[in-house]
Amino acid sequence: MKALLDSLKKALGDKVRDKITDTLLYRYDAIAQGPAPLAVVLAETARDVATTLELCSAAKMAVVPRGASSGLSGGAVPVGDCIMIATNRMTRLEIDPIKRIARVQPGVITDAISAAAKKHGLYYPPDPASSRQSTIGGNIAENAGGPQCLKKGVTGDYVLELEFVTADGQIQRADRSGIDLAGMIIGSEGTLAFVTDAVLKLEPLPKYTRTAFAVFNELGQAGRAVALITARGLTPAKLELMDQNSIRAVEQFMNMGLPTDAEAILVCDTDGDDADIVNLEIESVAEAFREANAREVRLAASPEEAAQLWKARRSVSPALGNIRPHRFNEDIVVPRSKLEPAMREMQEIAKHYPHFPFAIFGHAGDGNLHPNILFDRTKDSIEEVDHFAHEVARVAIAHGGVLSGEHGIGMMKRGFMTEATPRETLEAWWRIKHAFDPNGIMNPKKVLPELQP
Ligand SMILES: Cc1cc2nc3c(=O)[nH]c(=O)nc-3n(C[C@H](O)[C@H](O)[C@H](O)COP(=O)(O)OP(=O)(O)OC[C@H]3O[C@@H](n4cnc5c(N)ncnc54)[C@H](O)[C@@H]3O)c2cc1C
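Residues numbered from 1 in each chain as written. Predicted model: local features only at pLDDT ≥ 70, side-chain atom pairs only at ≥ 80, totals over all residues. Heavy atoms only, no water.

### Looking at the state of the cysteines
Right, on to step 1. What the rule picks out here adds up to zero disulfides.
Right, on to step 2. Here Cys 56 stays unpaired: no disulfide links it, and the sulfur of Cys 82, its closest cysteine neighbor, is 9.1 Å away.
Right, on to step 3. Judged by its relative accessible area of 0%, Cys 56 falls in the buried class. (Disulfide = S-S within 2.5 Å. Buried < 20%, exposed > 50% of the residue type's maximum accessible area, 1.4 Å probe, protein only.)

Structure below.
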């Protein structure tokens, strides 16, 4: 251990931090905590990452990549002795407006990409709600999504090329042709390789956006509205849901005059370059809302009014944080047609845990829901929270859904993988893991569960 730390310091100087006052800061992500890493390497270049991985590989020492630690599945949290490589100093960002690409180091904050592209009339569509905080490296590792992903696709759809460092310290590049090596690394949560650079596709900013807002007496009506919108052949830019407990939490927090007796609210955007089409689409969304018996439908007349309508949905996370200090932010996906029964079943399960406030919100348009269990780590039983969360996840599996839409598996859902994923698939993933990382040093004890022979 000491020999490894000495070699790292000799090679990388004060980029290596091993004082406990420094390393303690690197134990957390947004949901979990673990032991402090033995040292943190504040990498600046791919070469720094390669040197660290080469030395750790020789010493068979675990390495945990870390972006902004906004993760919601414990992916960047140490689970034992490890060296952490942090990307906060890897922030080079270049925009090429002619090629419509951004070239980024992994520590670039997600929002910075669109901010830099805006002056060229371009933007980077994937929009996790954490985009002011998260890094593009973390987004690539989690294949992050967000409200706009319904129409525009997730992070992986925008990655044209990756530079990455393998577990033994080789710097490699891969584009998306041939066997899609870059595609394997996207969403692999730092378990296969360390991303050190990416070329991302940018898109022209849409010229027009319209917003509709609908209030439903029954959750099932909102589920039906989502199905009707799809049946009309529409693909809105965003289609987001809040259930009654989310509405009540926001109202308590913000005092916006939201209808706390309603069981659901849907907020929807249509966008594009042709004002007539964008208007026709939002009218058609409003008709679908009415056909599903919405008790109130509003169309924003101005961007300011639209921002006001979105304010409620954007406020759900902080509002829930106001009720209890901690939350298990689940991230399940169900087929759109199963939204209503799945939400009802989860609400039934929640009745068995009356001491944990429970709310559901999320990207209804693509069936990606965030059921949130609110708790207090200092008073509540984490095992009970875990049990509740697993029961909720089982609802998704029972309806033909999946365990994670965008937050990843990390360590939080690793224990559930054997139940949710066929053994052949897990074996295939392990074969890929062994091929990339024969000594198992890349972010161990994340995503992939141990398989009994
Ligand atoms: C309030 C809030 C809202 C959120 N909303 C969304 C949302 O709408 N959509 C969504 O998808 N997520 C959301 N998230 C979750 C989180 O922000 C995303 O998972 C994000 O992609 C994590 O980025 P990060 O830089 O914080 O990564 P970290 O948390 O630091 O790391 C996440 C994972 O990526 C790995 N990693 C980081 N950098 C690299 C690298 N360079 N190479 C290889 N592996 C690496 C880590 O090891 C870890 O496994 C939200 C989180 C919060 C707190």
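Structure shown, so let's carry the discussion forward.
### Regarding the packing of aromatic side chains
Here a ring pair, both rings aromatic, is described through the centre-centre distance and the interplanar angle of the planes.
Right, on to step 1. With the rule as written, the count across this model stands at six aromatic pairs.
Right, on to step 2. Ring centres of Tyr 353 and Phe 388 lie 4.3 Å apart, and the angle between their planes is 5°; on these two criteria the pair is classed as stacked. Of this pair, Tyr 353 sits in the loop between helix H13 (339-351) and strand E18 (358-363) while Phe 388 sits in helix H14 (residues 382-398), and the two are 35 residues apart along the sequence. The exposure classification of Tyr 353 matches that of Phe 388, with both residues buried.
Right, on to step 3. The aromatic ring of Tyr 158 is capped on one face by Lys 201, whose charged end is 5.2 Å from the ring centroid.
Right, on to step 4. For the cation-ring pair, Lys 238 lies above Trp 310, with the distance from its terminal atom to the ring centre recorded as 4.9 Å. (Phe/Tyr/Trp six-rings, centres within 6.5 Å; stacked < 30°, edge-to-face > 60°. Helix = DSSP H or I, 4+ residues; strand = E, 2+ residues; numbered from the N terminus. Lys NZ or Arg CZ within 6 Å of the ring centre and 35° of its normal.)

### Comments concerning the sheet that holds strand E3 (residues 63-66)
Right, on to step 1. Spatially, E1-E2-E4-E3 is the arrangement adopted by the four strands of the open sheet, whose pairing is mixed. One side of each edge strand has no neighbouring strand; the edge strands of this open sheet are strand E1 (16-17) and E3.
Right, on to step 2. Pairing of E3 with strand E4 (residues 83-86), which is carried by four bridges, proceeds in the parallel orientation. By the bridge assignment for E4, Val 63 is matched with Ile 83. (Pairing = 2+ DSSP bridges.)

### Things to note about a nonpolar patch on the surface
Right, on to step 1. Together, Ile 179, Leu 181, Met 184, Trp 429 and Ile 432 line one region of the surface with nonpolar side chains, adding up to about 440 Å² of accessible area.
Right, on to step 2. Elements supplying a minimum of two residues to the nonpolar patch: helix H7 (181-185) and helix H16 (423-436).
Right, on to step 3. Here Trp 429 shows up in helix H16.
Right, on to step 4. Using a relative accessible area of 35% as the deciding quantity, one classes Trp 429 as partly exposed. (Patch = residues over 30% accessible without salt bridge, like charges linked within 9 Å, V, L, I, M, F, W, Y side chains within 5 Å. Areas by Shrake-Rupley, 256 points an atom, 1.4 Å probe, with all protein chains shown as cover. Salt bridge = Lys/Arg side-chain N within 4 Å of Asp/Glu carboxyl O.)

### Observations regarding the sheet that holds strand E6 (residues 101-104)
Right, on to step 1. Ordered in space as E5-E6-E10-E8-E9, the five strands form an open sheet in which the pairing is antiparallel. The sheet is open, and its two borders are formed by strand E5 (93-96) and strand E9 (171-175), each paired with just one other strand. In this sheet, adjacent strand axes meet at a mean angle of 15° when their direction is disregarded.
Right, on to step 2. Relative to the sheet, helix H3 (residues 46-59) contacts strand E8 (159-165), E9 and strand E10 (194-201), its axis offset from that of E8 by approximately 45°. (Axes fitted to C-alpha atoms, helices over the stretch in contact; angles between N-to-C directions. Contact = heavy atoms within 4.5 Å.)

### Here we look at the site of the ligand
Right, on to step 1. Near the ligand there are 33 residues, and of these Pro 65, Gly 67, Ser 70, Ser 130 and Thr 135 occur at the shortest range.
Right, on to step 2. In the model, an oxygen atom of the ligand is placed 3.3 Å from a nitrogen or oxygen of the Gly 75 main chain.
Right, on to step 3. Between Glu 189 and the ligand, the recorded distance is 3.1 Å, taken from a backbone N or O atom to an oxygen atom.
Right, on to step 4. Here the ligand, which alone exposes 980 Å², has 94% of that area covered by the protein. (Near = heavy atom within 4 Å. Polar contact = N/O pair within 3.5 Å; in protein donor to acceptor, adjacent residues only side chain to side chain.)

### Examining the side chain of Thr 135
Right, on to step 1. Turning to its location among the elements, Thr 135 is positioned in the loop between strand E7 (122-123) and helix H5 (136-142).
Right, on to step 2. Separated by 3.0 Å, the side chain of Thr 135 and the backbone nitrogen of Gly 138 make a polar contact.
Right, on to step 3. Not counting chain neighbours up to four residues away, the residues in contact with Thr 135 comprise Gly 67, Ala 68, Thr 87, Pro 106, Gly 107, Val 108, Ile 109 and Thr 110.

### Focus: the packing of H13 against H14
Right, on to step 1. Where H13 contacts H14, the two axes come as close as 9 Å, and the packing angle between them is 160°. Judged on the interaxial angle alone, H14 and H13 are roughly antiparallel. In this structure, the crossing between H13 and H14 has a hand that is right-handed. Here Ala 342, Glu 345, Met 346, Ile 349 and Ala 350 of H13 lie close against H14, whose contacting residues are Phe 388, Glu 391, Val 392 and Val 395. (Parallel < 35°, antiparallel > 145°, perpendicular 65-115°, else oblique. Left-handed = near helix turned anticlockwise from the far one by under 90°.)

### Description of helix H4 (residues 110-118)
Three or four residues apart is the spacing at which side chains of an α-helix point the same way, because the helix has 3.6 residues per turn.
Right, on to step 1. Within H4, burial applies to Thr 110, Ile 113, Ala 116 and Ala 117. Seen from one end, H4 has its buried residues packed into an arc of 135°, which puts them on one side. Set apart from the buried face of H4 by more than 90 degrees, the exposed residues are Ala 115 and Lys 118.
Right, on to step 2. Of the surrounding elements, those touching the buried residues of H4 are E5, E6, E7, H5 and E10. (Arc of directions from axis to C-beta.)

### Looking at the domain arrangement of the chain
Right, on to step 1. Annotation of the chain at the domain level lists domain 1 (2-86), domain 2 (93-204), domain 3 (208-316) and domain 4 (324-416).
Right, on to step 2. Summed over both sides, the interface between domain 3 and domain 4 buries roughly 1300 Å², with carbon and sulfur atoms accounting for 59% of that surface.
Right, on to step 3. Of all residues in domain 3, the largest losses of buried area upon contact with domain 4 belong to Leu 219, Leu 241 and Asp 243, amounting jointly to 35% of the total for that side.
Right, on to step 4. Counting every contact that joins domain 3 to domain 4 gives one salt bridge.
Right, on to step 5. Here domain 3 is connected to domain 4 by nine residue pairs in polar contact (both at pLDDT 80 or more).
Right, on to step 6. Mapped onto the side of domain 3 that touches domain 4, the elements with two or more residues apiece are helix H8 (219-231), strand E13 (238-243) and helix H9 (244-254). (Domains from an automatic or database assignment. Buried area = accessible area lost by both parts, 1.4 Å probe.)

### Structural notes on the side chain of Glu 189
Right, on to step 1. By secondary structure assignment, the location of Glu 189 is in the loop between H7 and E10.
Right, on to step 2. For Glu 189, which is buried and forms no salt bridge, the nearest opposite charge comes from Lys 446, at a distance of 8.1 Å.
Right, on to step 3. Polar side-chain contacts of Glu 189 include one of 2.7 Å to the backbone nitrogen of Gly 410.
Right, on to step 4. Once you skip the residues sitting within four places of it in the chain, Glu 189 turns out to touch Ser 73, Ala 141, Glu 142, Gly 408, Ile 409, Gly 410, Asn 443 and Val 447. (Lys, Arg positive; Asp, Glu negative; His and termini not counted.)

### Side note on empty space enclosed by the protein
The rolling of a water-molecule-sized probe over the atoms marks out the regions of remaining empty space.
Right, on to step 1. Overall, the coordinates contain one cavity of 30 Å³ or more when judged by the stated rule.
Right, on to step 2. Of the volumes computed, that of the largest cavity is approximately 50 Å³.
Right, on to step 3. Lining the largest cavity, in full, are Leu 72, Ser 73, Phe 328, Asn 329, Glu 330, Asp 331, His 407, Gly 408, Met 412 and Lys 413.
Right, on to step 4. In terms of residue class, the lining of the largest cavity is built from three nonpolar, four polar and three charged. (1 Å grid on protein atoms, 1.4 Å probe; cavity = no way out; pocket = protein on both sides within 12 Å on 5 of 7 lines; lining within 4 Å. Points joined across faces, edges and corners; volume = space filled by probe spheres on them. Nonpolar A, V, L, I, M, F, W, Y, C, P; charged D, E, K, R; others polar.)

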